[in-house]
Amino acid sequence: MTTDITRRIALAVTLTVAVSLGGCAAIPSQSAVSSADITVQDSGPVFFAAKGPVSDASPQDIVSGFINAQSAGLTDNWSTARQFLTDATADSWSPGATVNVYSGELDLSAARPPQNSDESAPSEDDNATDGGIVDLATATSVTIEAQADLTGTLNDVGAYTESLEGSQSLTTFELVRDAEDQWRISALSDDIFMAEPNFESLYRSTTIYFVSADEEFLVPEVRWFPRTRTETYVVNALLSGPSDWLADSVTNLFPDGTRLVYDAVNVDGGTATVNLSSQVTTATPQDRSLLATQIRSALTRLPGIRNVAIQANSIELQVGDLPELQRDPTLATSPIIVTGTGLSQVTQGAVEPLDPPVDLSPYDVTGLAVNGDRSLQVILDDQDTLRRVSAGQDSGAVLARGDDLIAPSIDRFNWVWTGEVEQGDTSELQVVTGDGTTVPVAIPWLAGRTISEIRVSHDGARIAVISAAPGRRLIEVAAITRDADNVPQAVSEPISVGGGITSPELLEWIDESTLAVITSAQDNGGQGFYSVQVGGTSEYISALENVATLGAGRGLRAVYVGTKDGSILSRAATGAAWVTVVEEGALPTFPG
């Protein structure tokens, strides 16, 4: 029988939630233990059960069953999935290089079987009608094309990239009949394909930390690891080091060759025991304390882990007193704004002029930035001049000039970042101190683009950028490399974030790994407000309109917007609705 075998298949699996996971060994009494004050609760790991192929299954059923079984691969070591492959392919298949996460339904369609090299003379085994429909009753081989809407990809180290809106995944599976006349997959990629709900159930977003180059901050990197044995994945990720884009901006403290002795972190009674190989003992005492802080900071964010014990070959590792590195600080709880001809602060709904006052009457203020203690305040004057302002006689000193400058951002070392909105063939940003010392920082990947926003993270190690590339606007995050005096030297190749947002215009950091993003006005005049995880997914929060500028403190309730008609709105009061907090004001600004 000849059939058109295009189907839309929604995959379903059986799952079981593990109530608890116990450790496999007691904690040795001599281990050094460090504690955390917060325990995160969640539902625990999820286990998927999948069935193997049934007798006389069609090629599409074999492919859909195989993709279904991939969700169980993390717990059954891919044994069920391999049942859908030929014996030779099952032996050679090495799954997991990339996890492709898709939404909606999976489209499976049969194509002509592989042709001879001479396309003008198809073989007798083609078994396809003139219309290209495969006759499965007589075919001995067939190609199945699988297509789906792609929402993101996960690489082999757990780094997730949200796909651009409209992205699709297309892959092919070659199938043949085996000796028992059953269809089996004979050729495929090593990629994994997983429906979005399955991915969210099987993987968790996890933050690991690396030490900043000046050893003052913990710099986060979000990874996605299986919910089973997450603690082991976390420690192995720390031992392997940061992703390439971040590597030059942080310090890797683990001596070469350091590994987990048993490739497992034991968790018992809320204490995680990390047993490292002897190479770790070659680290200096200071590096030991810093790497112990890394491990502790990452593991105590996981559910059920309150304490961490670190060993070297089952003997307590002497780490000394752990340093108090800064992590995700709250620099201010209320914004500075422009009111009339001066600067004011919004405090519990009241607008209070700064004391001593700052006179802005000579300037057309289109941008504002302040540092953490407000010792450095800069404005963008008429889009072409960057000035330092204060209550002193030197207020208005020129720091930089240009044709059309980007709104400034100040890092924790008091370097002010700006540059031309329209970048030429040789792209660079201007980085300037409060006394006017300027350092150009080349950023080749911004060549030819139009930049909407730049914002440096509070740790000073990363910069978020919105720019217009051919065809669309992009949100990207890159790492900042500095010299021994913390002078910016370079910006790394970026990672893409918030790919599902089509027209980003404004952004701010709202915590160590999250951006608040507002889109440009659409045809109906409306704008969207999004939360974007760096290394994760984006989430639509609410609609708004008439927004000109954005300012944000820590968290979604500390977001303020300045409107085009000169008022300031906030979500602080309700956490949901936008409420007018200042009738006449502009440029709500937090440190950064």
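Bear in mind the structure is a predicted one, so any value in this text is a computation, not a measurement.

Turning our attention to the overall build of the chain. When helices and strands are counted, the chain shows seven helices and 42 strands. With 592 residues in all, the chain has 51% of them scored as buried. Pairs at least 24 residues apart make up 57% of the contacts formed inside the chain by residues separated by at least 6 positions. Of the roughly 25500 Å² that the chain leaves accessible, carbon and sulfur atoms contribute 46%.

Another point: empty space enclosed by the protein. Scanning all chains against the criterion turns up five cavities of 30 Å³ or more. Lining the largest cavity we find 14 residues, and of these A213, S249, F413, G460 and R482 sit closest to its centre. The element that contributes the greatest number of residues to the lining of the largest cavity is strand β31 (residues 472–482), accounting for three residues. Considering only residue class, the lining of the largest cavity consists of four nonpolar, five polar and five charged.

Here we come to the pattern of salt bridges. Under the criterion given, the structure shown has eleven salt bridges. Measuring nitrogen to oxygen at the nearest pair gives 2.4 Å for the salt bridge that ties R554 to D328. Here the residue R554 occupies a position in the loop between β38 (547–552) and β39 (559–563), and D328 occupies one in the loop between β17 (315–316) and β18 (336–339), the gap between them amounting to 226 residues. What makes R554 partly exposed here is its relative accessible area of 45%. Between R482 and D411 there is a salt bridge, with the nearest N and O atoms lying 2.9 Å from each other. Taken as a pair, R482 in strand β31 and D411 in the loop between β25 (409–410) and β26 (416–418) lie far apart in primary sequence, 71 residues in all. Owing to a relative accessible area of 2%, D411 belongs among the buried residues under this scheme. Sharing partners across several salt bridges, the network here consists of E453, R455 and E508.

Within the fold, E453 resides in strand β29 (residues 450–456). Accessibility expressed as a relative area gives 5% for E453, which makes it buried. Within polar-contact distance, the side chain of E453 engages the backbone nitrogen of L507 at 3.2 Å. With sequence-adjacent residues up to four places away left out, E453 is seen in contact with I406, A407, A464, V465, I466, E505, L506 and L507.

Between D355 and the following residue, P356, the backbone shows a cis peptide bond with an omega angle of 5 degrees. Inspection of the secondary structure puts P356 in the loop between β20 (350–353) and β21 (365–370). For N77, which is not glycine, the phi dihedral falls at a positive 55 degrees. By the element assignment, N77 lies in the loop between α2 (73–76) and α3 (79–82). The backbone of R374 sits at a positive phi, close to 60 degrees, despite the residue not being glycine. Locating R374 in the fold gives a position in the loop between β21 and β22 (377–381). Classification of R374 by relative accessible area gives partly exposed; the value is 34%.

As a further point, take the pairing of strand β10 (residues 192–195). Here is the key point about a regular strand: its side chains alternate between the two faces of the sheet. Going residue by residue along β10, you find I192 and M194 tucked away on one face and F193 and A195 tucked away on the opposite face as well. Bridge count for strand β5 (residues 99–111) against β10 is four bridges, and the pairing is parallel. Note that in β10 the partner of V99 across the bridge is I192.

Following the criterion strictly, the structure yields eleven aromatic pairs and no others. An angle of 85 degrees between the planes, with centres 6.0 Å apart, marks the rings of W78 and W93 as edge-to-face. Linking W78 in the loop between α2 and α3 with W93 in the loop between α4 (87–92) and β5, this pair joins segments that are 15 residues apart in sequence. Clustering of aromatic rings is evident, with ring pairs tying together F66, W78, W93 and F173. Looking at R571, its charged tip hangs above the ring of W578, at a distance of 5.9 Å from the centre.

Here four strands make up an open sheet; going across it, the order is β34-β35-β36-β37 and the pairing antiparallel. One side of each edge strand has no neighbouring strand; the edge strands of this open sheet are β34 (504–511) and β37 (538–545). Each adjacent strand pair in this sheet contributes to an overall mean axis angle of 20 degrees, direction not counted. Pairing analysis gives seven bridges linking strand β36 (residues 526–533) to β37, with the strands arranged antiparallel. Bridged to Q527 within β37 is L544.

Glancing now at the nonpolar core. Within the largest apolar cluster, 54 residues are counted, with the highest numbers of intra-cluster contacts made by V274, L276, I295, L299 and L515. When near neighbours in sequence (up to four residues on either side) are disregarded, L515 contacts A464, I475, V477, V497, L507, E508, W509, I510, Y530, S531, V532 and V534. Counting 42 residues, the second largest nonpolar core, distinct from the first, contains F84, L106, Y160 and F173.

The topology assignment puts Q377 in strand β22. In this view, Q377 contacts L343, L354, V358, A369, V370, R387, R388, V389 and S390; residues no more than four positions away in its chain are not counted.

When two helices pack together, their arrangement is given by the angle between the helix axes and by the axis-to-axis distance. The N-to-C vectors of helix α6 (residues 230–240) and helix α7 (residues 285–299) enclose an angle of 150 degrees; their axes lie 10 Å apart at closest approach. Taken together, the axes of α6 and α7 are roughly antiparallel relative to one another. By crossing handedness, the relation of α6 to α7 is classed as right-handed. In contact with E231, V234, V235 and L238 of α6, α7 contributes Q294, I295, A298 and L299. Looking at the contact of α6 with α7 residue by residue, the class counts come to six nonpolar, one polar and one charged.

Caution applies to low-pLDDT parts of the model: their predicted coordinates are not meant to be read in detail. For the chain, mean pLDDT is 88; residues scoring 70 or higher make up 88% of the total. Predicted confidence is poor over residues 1–41, with pLDDT under 50, and the contacts of this stretch with residues over four places away or in other chains come to 103 contacts. In this model, residues 116–131 is a region of pLDDT below 50 whose contacts with residues beyond four sequence positions or in other chains number 20 contacts.

Another aspect to go through is the environment of S570. Structurally, the position occupied by S570 is in strand β40 (residues 568–570). Assessed through its relative accessible area of 1%, S570 is described here as buried. The sequence separation of S570 and V581 amounts to eleven residues, and the corresponding C-alpha distance is 6.5 Å. Those residues in contact with S570, other than ones at most four positions away along the chain, are R557, V559, Y560, A577, W578, V579 and V581.

Take the pairing of strand β19 (residues 342–347) next. Where β18 and β19 come together, four bridges link them in antiparallel fashion. Looking at the pairing, I337 lines up with S344 of β19. Between the antiparallel neighbours β18 and β19 lie two residues, among them G340 with a positive phi of about 60 degrees. Relative to β20, β19 runs antiparallel, the two sharing four bridges.

The rules behind these values
Residues numbered from 1 in each chain as written. Predicted model: local features only at pLDDT ≥ 70, side-chain atom pairs only at ≥ 80, totals over all residues. Heavy atoms only, no water. Helix = DSSP H or I, 4+ residues; strand = E, 2+ residues; numbered from the N terminus. Buried < 20%, exposed > 50% of the residue type's maximum accessible area, 1.4 Å probe, protein only. Contact = heavy atoms within 4.5 Å. Areas by Shrake-Rupley, 256 points an atom, 1.4 Å probe, with all protein chains shown as cover. 1 Å grid on protein atoms, 1.4 Å probe; cavity = no way out; pocket = protein on both sides within 12 Å on 5 of 7 lines; lining within 4 Å. Points joined across faces, edges and corners; volume = space filled by probe spheres on them. Nonpolar A, V, L, I, M, F, W, Y, C, P; charged D, E, K, R; others polar. Salt bridge = Lys/Arg side-chain N within 4 Å of Asp/Glu carboxyl O. Polar contact = N/O pair within 3.5 Å; in protein donor to acceptor, adjacent residues only side chain to side chain. Pairing = 2+ DSSP bridges. Phe/Tyr/Trp six-rings, centres within 6.5 Å; stacked < 30°, edge-to-face > 60°. Lys NZ or Arg CZ within 6 Å of the ring centre and 35° of its normal. Axes fitted to C-alpha atoms, helices over the stretch in contact; angles between N-to-C directions. Core = buried A, V, L, I, M, F, W, Y, C linked by side-chain atoms within 4.5 Å. Parallel < 35°, antiparallel > 145°, perpendicular 65-115°, else oblique. Left-handed = near helix turned anticlockwise from the far one by under 90°. pLDDT = per-residue confidence, 0-100.

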